[in-house]
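Analysis of the macromolecular model
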Amino acid sequence: MDSKCSVFIAASVDGFIARPDGDIEWLHRPEYEGAELSGVTYEHFIATVDALVMGRKTLEKVLSFPEWPYEGTPVIALSHQSVELPAELKGKVEVVSQDVTSLVAALAERGMKHLYIDGGQTIQAFLEAGLIDEMIITRIPVVLGQGIPLFSPLSGEHELRHIGTYASDNGFVQSRYEVGSKR
């Protein structure tokens, strides 16, 4: 039994997921909060997920948040370095250093059928390995000019099948794609 791997991420119109220093405050402007969104909401998406897989840098960013946003969802962090977890996250976050293909197989064996893949390098690694099934990308109406790209140079083309695009009144434009084979 394979696991479905999905990306649910926001990016600037020029394709960045964070400022060069990893800052994502530009995502939290007051005019974005509470806006009615068209398309797939985060709440709907996260309710379908069995586990979240992220890289160490994304985990470090999330650890800086005032509260843990993934209560009730197991988090797997990919890292070749040891990561110091706060006591309250022991048992909620698992740090592993295995390759993404064997990780997905191991998680599938544990009954995790839908994986949420998050973080620039992690998304790219899963895409390169041909493991991403679906991408839901929400473009935020801002041009950052520089930052951490959603996609960096990949080793080949990846065919996408457009499922739908949804525009919200606050300027968010969400596109949903099924990921085809790598060329």
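Residues numbered from 1 in each chain as written. Predicted model: local features only at pLDDT ≥ 70, side-chain atom pairs only at ≥ 80, totals over all residues. Heavy atoms only, no water.

Digging into the side chain of serine 175
Mapped onto the fold, serine 175 is located in strand 10 (residues 173-182). The class for serine 175 is buried, based on a relative accessible area of 12%. Reaching out from serine 175, the side chain makes a polar contact with the side chain of threonine 165 at a distance of 3.0 Å. Setting aside residues no more than four positions away along its own chain, serine 175 makes contact with Met135, Ile136, Ile137, Gly164 and Thr165. (Helix = DSSP H or I, 4+ residues; strand = E, 2+ residues; numbered from the N terminus. Buried < 20%, exposed > 50% of the residue type's maximum accessible area, 1.4 Å probe, protein only. Polar contact = N/O pair within 3.5 Å; in protein donor to acceptor, adjacent residues only side chain to side chain. Contact = heavy atoms within 4.5 Å.)

Digging into the pattern of salt bridges
Following the criterion strictly, the structure yields seven salt bridges and no others. Note that glutamate 60 is salt-bridged to arginine 56, the shortest N-O span being 3.1 Å. Of this pair, glutamate 60 and arginine 56 both sit in helix 2 (residues 56-63), four residues apart, which is roughly one turn of that helix. With a relative accessible area of 41%, glutamate 60 lands in the partly exposed category. A cluster of three or more residues bridged by salt bridges with shared partners is formed by Lys4, Glu134 and Arg176. (Salt bridge = Lys/Arg side-chain N within 4 Å of Asp/Glu carboxyl O.)

Regarding the pairing of strand 3 (residues 51-55)
Burial analysis of strand 3 places five of its five residues in the buried class, the great majority of the element. Neither face of strand 3 is exposed, since Ala51, Val53 and Gly55 on one face and Leu52 and Met54 on the opposite face are all buried. Where strand 3 lies against strand 6 (residues 114-118), four bridges are found, and the strand directions are parallel. Paired with valine 53 across the bridge in strand 6 is isoleucine 117. Examined bridge by bridge, strand 3 and strand 4 (residues 75-78) share four bridges and lie parallel to one another. Within strand 4, the residue paired with valine 53 across the bridge is isoleucine 76. Handedness of the crossover joining strand 3 and strand 4 through helix 2: right-handed. (Pairing = 2+ DSSP bridges. Right-handed = clockwise from strand over helix to strand, strands pointing away.)

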